[in-house]
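Listed below, chain by chain, are the residues.
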Amino acid sequence: MRILVVEDDEILANMLKEGLIEEGYAVDVAYSGDDGFYMAESMPYDVIILDLMLPEMDGFTILEKLREKNIETPVLVLTAKDGIDDKVKGLDKGADDYITKPFEFSELLARIRALIRRASGNRSPIIKVKNIEINTASREVYKDGKRIPLSSKEYAILLYLVTNRGKVVSREELMEHIYDWEKSIESNVIDVYVNFLRKKLNKDLIETVRGVGYIIRKDE
Amino acid sequence: MNRSLRARLVFSFSILVLMVFFLFALFLYLGIERIVIQRVDETLFDKARYLSTLVKVEEGRISFTLSKIDIGEFIGPAAKSYFILRLDTGEILYKSPSLGNKEFPLNQIPGVGKVSYFTIYENGSKKRVVNYHFAKEDELFKDLSFFLPVKKYGFLLQVGRDLRLESDIIKRFIFYLITLAILALLFMALLISKMVELSLSSIKKISYKVKLISEKNLSERVDPERVDVELKELAIAINDTFDRLKMAFERQKEFISYVSHELRTPISGIKLITEIALRKKRSQEDYIRYLRDIEKSVNHLSRLVNSILLLSRMDMGREHLKMEELSLLDIIRDALHIISPIAEEKNIKIEYNIENVRFIGDKDAFLEIFVNILDNAIKYNKEKGWVKISNKGFEVVIEDSGIGIPEKDLPHVFERFYRAEASRSRKTGGTGLGLSIAYELIKRQHGDIKIESRVGEGTKVIIILPQ
Ligand SMILES: Nc1ncnc2c1ncn2[C@@H]1O[C@H](COP(=O)(O)OP(=O)(O)O)[C@@H](O)[C@H]1O
Ligand SMILES: [Mg+2]
């Protein structure tokens, strides 16, 4: 899952990036409104964390322009104001959630997970496919009730495929959602991780669609 | 004290009406009394003349006979008319029985054929009396006048009358007048009260609107076209006042929302760093990095808090400036002392060429002004750039070879929290308050500050010292 952080305070933005990467997300940072808008419209992010007071283009304007362009990426607004005015206005303009500065990092993580779940149509944080169970809140994966430790990239790929289950996902799409801009990776790395996952979990779980990508099928 | 406009108006109008009415009544009363007395005098004179015809002198004998009709009028206690017939020497010849034992005083006797009138007051009642002086010739000698000189007798008739009836009429007249006055007064009071209410209704309309204006709804206004012309000015003045209030209020609101954002962001940073640092065990380098970031944020926060506190003290008029004679050179040296470590770090050369002047101002305020401007000149400079300080009398120029300020930002740099885009995204540690503090401090001391700049070439700040 890939997240865009639009925040002009460099210390806050960089720390958010560090924390989110540790949680297994791919993270890009924009320090100005213009950059933020440009990145949001050019990359398929799973969540955008958006500060409202920004240089160049403010958060509300970015939101408005994104929704005008039919970019429906879930947006979590970071507000610094007490008034509910901003919250209401943010939600009106198409924000999906908001959190007030200063915030708890764990709360922010919970809200991000909820946004991703909602976007994929899942209600519960626990997803079951075949004999595999994924707890998206604790980031733990179980096979037949037994916990299987996964690396963060393995988990990220599994999570992306599972949230999009029933849909063929290309290697490029997977890469876009698993890696941020700083890292350029060859696409066969994805194949390597997929193979690890097949070995650790269930060799029928992830199917290869020749020439297109991968799919996790929905349970009948 | 509860002052009521209506009560005051009603009271003063009533007094006025009362006075006018009183004067009017007085004139009317005096006029009517005169007319009545004139009428009485005429009838008295007629009576006197008539009575005088009843006086006969024959062969030196004087006779006076009253007819029956006259008796009714003059005799008996109920009679209202009285008369006394005297010789013009004063000796009483006849007295009407109605007079009893009283008699009219004898004051100056008019000439023969003439009359004079007077009024006597006795125990509450008034009497009007006419003095009629006439002469009669002896009837007998009249025919012999050819031979003998005619003997003439002079008489004085005093005919009087009670004025009871007339004063009754006048009394009643006065009573009517007073009743009328009271009624008129009540009516006037009512009328005035209504009128005041009517003229106050426009004010009520205005005050109703003003009541609607509150902290939450500062945009409500009185429509000056919908109140009376006389109150239009008041309506406009009220609207102007609220416009100014609203502006001040909104500026304050904006300031607070900026403050809230600017304070919460570094606090969020610190909180996030500590939370993430404590999530698991980390390397020493990581901990040091985190602490450095926390240090930076805390430094920024404390600068911010100091600036915000200074500005709000100024807003509330609590920043007291201590005016004393200052030397420009001393101030600049002190400022350079504070700022030179930062300049050295960035390899920036600061030159100054000052012909010293003395001026009146607050020392700390001017130090703050110069430090803020020099700080900008260094912060927004290029590596190995320069800063020059010079003056022409009271005009001090601080010039730098820095990045300059774009034309669109230039008019705003004195605004609170305003920062040109370039300085915002670059992490310069600024707060956007330095120039606004300098501006407000210098304006407060009746000096001035101007800024000129060209992108890529540099910036020139001109300070006019107070004189
Ligand atoms: N000497 C200068 N050169 C270039 N830009 C300047 C200079 N002085 C001020 N500015 C611009 O004006 C803005 C406001 O200045 P200031 O109020 O001192 O805030 P800051 O805390 O950002 O220095 C700065 O952010 C910067 O964009
Ligand atoms: Mg500054």
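Before any of the text, the structure's been laid out above.
Every value quoted in this text rests on a predicted model; they were computed, and no experiment measured them. (Residues numbered from 1 in each chain as written. Chains lettered and ligands numbered in written order. Predicted model: local features only at pLDDT ≥ 70, side-chain atom pairs only at ≥ 80, totals over all residues. Heavy atoms only, no water.)

(A) Structural view of the overall build of chain A. Each helix and strand in chain A was counted, giving eight helices and 12 strands. Taken across its 220 residues, chain A has 54% of its residues classed as buried. (Helix = DSSP H or I, 4+ residues; strand = E, 2+ residues; numbered from the N terminus. Buried < 20%, exposed > 50% of the residue type's maximum accessible area, 1.4 Å probe, protein only.)

(B) Representation of helix α8 (residues 188–200) of chain A in the model. Residue and element names in this part refer to chain A. Under the 1.5 Å per step criterion, the end-to-end length of α8 is 19 Å for 13 residues, consistent within 8% with the ideal 18 Å. Within the sequence span of α8, burial applies to Ile190, Val194, Leu197 and Arg198. Down the axis of α8, the buried set is contained in an arc of 100°. They therefore lie on one face. Buried residues in α8 make contact with α6 (152–163), α7 (171–178), β11 (207–209) and β12 (213–215). (Expected span 1.5 Å × (residues − 1). Arc of directions from axis to C-beta. Contact = heavy atoms within 4.5 Å.)

(C) Quick peek at the pattern of salt bridges. Residue and element names in this part refer to chain A. By the definition in use, this model includes 38 salt bridges over all chains. Glu173 is the salt-bridge partner of Lys167, the closest N and O atoms lying 3.5 Å from each other. Using a relative accessible area of 18% as the deciding quantity, one classes Glu173 as buried. Look at the salt bridges and you will find they share partners, linking Glu7, Asp51 and Lys101 into a network. (Salt bridge = Lys/Arg side-chain N within 4 Å of Asp/Glu carboxyl O.)

(D) Region of interest: the packing of aromatic side chains. Following the criterion strictly, the structure yields 13 aromatic pairs over all chains and no others. When the ring of Phe64 of chain B is compared with that of Tyr94 of chain B, the centres are 5.3 Å apart and the planes differ by 50°; the resulting orientation is tilted. Remark: Tyr94 of chain B occurs in strand β4 (residues 92–95) and Phe64 of chain B occurs in strand β2 (residues 61–64); sequence separation between them is 30 residues. Here the basic side chain of Lys65 of chain A rests over the ring of Phe37 of chain A, its NZ or CZ set 4.8 Å away from the ring centre. Sitting over the face of the ring of Trp386 of chain B, Lys388 of chain B holds its NZ or CZ atom 4.2 Å from the ring centroid. (Phe/Tyr/Trp six-rings, centres within 6.5 Å; stacked < 30°, edge-to-face > 60°. Lys NZ or Arg CZ within 6 Å of the ring centre and 35° of its normal.)

(E) Representation of the interface of chain B and chain A. If you look at the interface, chain B gives 27 residues, while chain A gives 28 residues. Regarding the contact of chain B and chain A, the summed buried area is about 2600 Å², with carbon and sulfur atoms giving 57% of it. The largest contributions to the chain B side of the interface with chain A come from His261, Arg264 and Leu272 of chain B, which together make up 23% of the buried area. Counting across the chain B and chain A interface gives five salt bridges. A salt bridge links Glu22 of chain A to Lys280 of chain B, with the shortest nitrogen-to-oxygen separation between them at 3.9 Å. On the surface where chain B and chain A come into contact, there are 10 residue pairs in polar contact (both at pLDDT 80 or more). Elements that contribute at least two residues to the side of chain B that touches chain A include exactly α5 (229–277), α6 (284–315) and α9 (421–425) of chain B. Element by element, the count of residues in the side of chain B that touches chain A is highest for α5 of chain B, at 14 residues. (Buried area = accessible area lost by both parts, 1.4 Å probe. Polar contact = N/O pair within 3.5 Å; in protein donor to acceptor, adjacent residues only side chain to side chain.)

(F) Spotlight on the sheet that holds β4 of chain B. All names here are of chain B. Spatial strand order, β4-β3-β7-β6-β5: five strands in an open sheet with antiparallel pairing. If you trace the sheet from one side to the other, it starts and ends with β4 and β5 (115–122), each paired once. Strand-to-strand twist in this sheet, taken as the mean axis angle between neighbours without regard to direction, amounts to 20°. Note that β5 and strand β6 (residues 125–137) share eight bridges and pair antiparallel. Bridged to Tyr121 within β6 is Lys126. Of the strands in this sheet, β3 (81–87), β5, β6 and β7 (152–162) are in contact with helix α1 (residues 5–53), which crosses β6 at around 35°. (Pairing = 2+ DSSP bridges. Axes fitted to C-alpha atoms, helices over the stretch in contact; angles between N-to-C directions.)

(G) Expanded view of the sheet that holds strand β10 (residues 169–170) of chain A. Residue and element names in this part refer to chain A. If you trace the three strands from one edge of the open sheet to the other, you get β10-β12-β11, paired in antiparallel fashion. Strand pairing shows two members of the sheet lacking a second neighbour, β10 and β11, which therefore form its edges. Looking at chain direction, β10 and β12 are connected through two bridges and run antiparallel. Counted as the bridge partner of Val169 is Tyr214 from β12. Lying over the sheet, α8 contacts β11 and β12, oriented at roughly 25° with respect to β12.

(H) How the structure looks around the environment of Ala156 of chain A. Residue and element names in this part refer to chain A. Assignment of secondary structure puts Ala156 in helix α6. Linking Ala156 and Tyr25, residues 131 residues apart in sequence, is a C-alpha distance of 7.3 Å. For Ala156, the contacting residues outside a window of four places in its chain are Gly24 and Ile178.

(I) Region of interest: unusual backbone geometry. With an omega of -10°, the peptide bond between Lys101 of chain A and Pro102 of chain A qualifies as cis. Positive phi is not limited to glycine here, since Lys384 of chain B has a value of about 60°. As for its placement among the helices and strands, Lys384 of chain B is situated in the loop between α8 (363–379) and β11 (386–392).

(J) Region of the structure containing the pairing of strand β3 (residues 47–51) of chain A. Residues and elements named next belong to chain A. Counting buried positions along β3 yields five of five residues, so the element is predominantly enclosed. Sheet topology note: the strand β1 (residues 2–6)/β3 ladder contains four bridges and is parallel. Residue pairing for β3: Val5 is matched across the bridge by Ile49. Across four bridges, β3 lies against strand β4 (residues 75–79) in parallel orientation. Its bridge partner being in β4, Asp51 is matched across the sheet by Leu78.

(K) Fine view of the nonpolar core. Ranked by size, the top nonpolar core spans 59 residues in total, and within it Leu20, Tyr25, Ile49, Leu108, Ile112, Leu158 and Leu174 of chain A carry the most contacts. No other element matches α6 of chain A, which puts eight residues into this core. Dropping the residues within four chain positions of it, Leu108 of chain A is found in contact with Leu16, Ile49, Leu76, Ile99 and Phe103 of chain A. In this structure, Ile369, Ile442, Ile451 and Ile463 of chain B belong to the second largest nonpolar core, which totals 49 residues. (Core = buried A, V, L, I, M, F, W, Y, C linked by side-chain atoms within 4.5 Å.)

(L) Just the pairing of strand β8 (residues 140–143) of chain A, in detail. All names here are of chain A. Two strands pair when backbone bridges link them, and strand β7 (residues 132–135) and β8 are joined in this way by four bridges, in the antiparallel orientation. Opposite Glu133, over in β8, you have Tyr142 as the bridge partner. Between the antiparallel neighbours β7 and β8 lie four residues, among them Arg139 with a positive phi of about 55°. Sheet topology note: the β8/strand β9 (residues 146–148) ladder contains three bridges and is antiparallel. Across the sheet, residue Val141 finds its bridge partner in β9, namely Ile148. Linking β8 to β9, which pair antiparallel, is a turn of two residues; within it Asp144 sits at a positive phi near 50°.

(M) View of a nonpolar patch on the surface. A cluster of nonpolar side chains, contributed by Phe22, Leu23, Leu26, Phe27 and Leu30 of chain B, occupies part of the molecular surface with about 540 Å² of accessible area. Within the secondary structure, Phe22 of chain B is located in helix α1. (Patch = residues over 30% accessible without salt bridge, like charges linked within 9 Å, V, L, I, M, F, W, Y side chains within 5 Å. Areas by Shrake-Rupley, 256 points an atom, 1.4 Å probe, with all protein chains shown as cover.)

(N) Summary view of the packing of helix α4 (residues 164–212) of chain B against α5 of chain B. Residues and elements named next belong to chain B. Across the interface, α4 lies against α5 with an axial gap of 11 Å and an inter-helix angle of 10°. In this view, α4 runs roughly parallel relative to α5, as classed from their interaxial angle. Across the interface between the two elements, Ser202, Ile203, Ile206 and Val210 from α4 touch Leu231, Leu234, Ala235, Ile238 and Phe242 from α5. Looking at side-chain class alone, the contact of α4 with α5 contains eight nonpolar, one polar and no charged residues. (Parallel < 35°, antiparallel > 145°, perpendicular 65-115°, else oblique. Nonpolar A, V, L, I, M, F, W, Y, C, P; charged D, E, K, R; others polar.)

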